Amino acid sequence: MQDMKIKLFCLPHAGGSSSIYYSWNKYIDKSKYELIPIEYAGHGIKLDENLNYLFDNLVNDVYNEILHSIKKDTKYIIFGHSMGAYIAFEVERKIENKYEKKAFHMIFSGVDAPCYWNRNKKIASLSDAEFIEQIQTFGGINDEIINSPELMKIILPILKADFYVIESMHEYQEGFLISTSSTIMNGKNDRYKKENIEHWQCFSNKACTIKYYNGGHFFINDNAKLICEYINSLN
């Protein structure tokens, strides 16, 4: 018997936890979707677990968790923001390659096309001060956290581990395809070039929709209602 609801798996950004998606419960159509925020090992409610430092290891963790939650006839969407989009893309590739199954839809948020992913500056091995200076340019950590030694003692190891994950990704070429329709979401004021975003159309053999929202890299924090309304409209 087919699951009645579409499972909506949501993957957070580097340093983030599943809690960033809790507000979506106010806006998502619960008659259509089952919202399932994914928690990475060593983050949020899994803080007592060992952190991952390698991309492939984190991909495998998320892949196994999603695979455990879907049956042969389950409809599902994977939404990933920033680092979560990297993980989402590779998890879907693994599912399609191994099980000849595909998502109902994929949503990649806050990231340019895969062929640009490992061109970013390597920062994970910098000193703590230099690392903090670099991540502040993304706008995801407020001054209250930065100026709290107690909070930074918890958050800094998580952030560094996640950037080691990002920096251990393998190269992606245009032959690395997924076989499902997708939506690419980005902030109008994010750092990515328009042509780098549009290049996403080379990584799926199905329809690819590109949407922009007000804000920078963390536009999803202020646009939860609009994003959920769009997801609710998917057919």
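Since the model is a prediction, treat every value here as computed from it, not as a measurement.

The rules behind the values
- Residues numbered from 1 in each chain as written.
- Predicted model: local features only at pLDDT ≥ 70, side-chain atom pairs only at ≥ 80, totals over all residues.
- Heavy atoms only, no water.
- Buried < 20%, exposed > 50% of the residue type's maximum accessible area, 1.4 Å probe, protein only.
- Helix = DSSP H or I, 4+ residues; strand = E, 2+ residues; numbered from the N terminus.
- Arc of directions from axis to C-beta.
- Contact = heavy atoms within 4.5 Å.
- Pairing = 2+ DSSP bridges.
- Axes fitted to C-alpha atoms, helices over the stretch in contact; angles between N-to-C directions.
- Salt bridge = Lys/Arg side-chain N within 4 Å of Asp/Glu carboxyl O.

Engineer: Describe helix α7 (residues 224-233), with residues and values.
Structural biologist: An α-helix turns once per 3.6 residues; consequently, residues spaced three or four apart project the same way. By the burial criterion, the buried members of α7 are A224, I227, C228, Y230 and I231. In a view along the axis of α7, the buried residues occupy a sector of 155 degrees, so they form one face of it. Against the buried residues of α7 lie β1 (6-11), β2 (33-37), β3 (76-81), β4 (105-109), β5 (182-187) and β6 (208-213).

Engineer: Which residues make up the sheet that holds β3, and what values do they have?
Structural biologist: One open sheet holds the six strands; their spatial order is β2-β1-β3-β4-β5-β6, and the pairing between them is parallel. Both outer strands of the open sheet, β2 and β6, are each paired with one neighbouring strand and no more. Direction aside, the axes of adjacent strands within the sheet are offset by 15 degrees on average. Across five bridges, β1 lies against β3 in parallel orientation. Residue L11 lies in a different strand from β3, and its bridge partner there is G80.

Engineer: Which residues make up the pattern of salt bridges, and what are the values?
Structural biologist: Applying the stated criterion across every chain yields a total of seven salt bridges. The shortest N-O distance in the salt bridge between K7 and E34 comes to 2.8 Å. Within this pair, whereas K7 is found in strand β1, its partner E34 is found in strand β2, the two being separated by 27 residues in sequence. Here K7 falls in the buried class, since its relative accessible area comes to 11%. D128 is paired through a salt bridge with K160; the nearest N and O atoms lie 3.0 Å apart. One end of the pair, D128, is in helix α3 (residues 128-135); the other, K160, is in helix α5 (residues 149-167), with 32 residues separating them in the sequence. The class for K160 is buried, based on a relative accessible area of 15%.

Coordinates in, geometry out; function isn't part of it.
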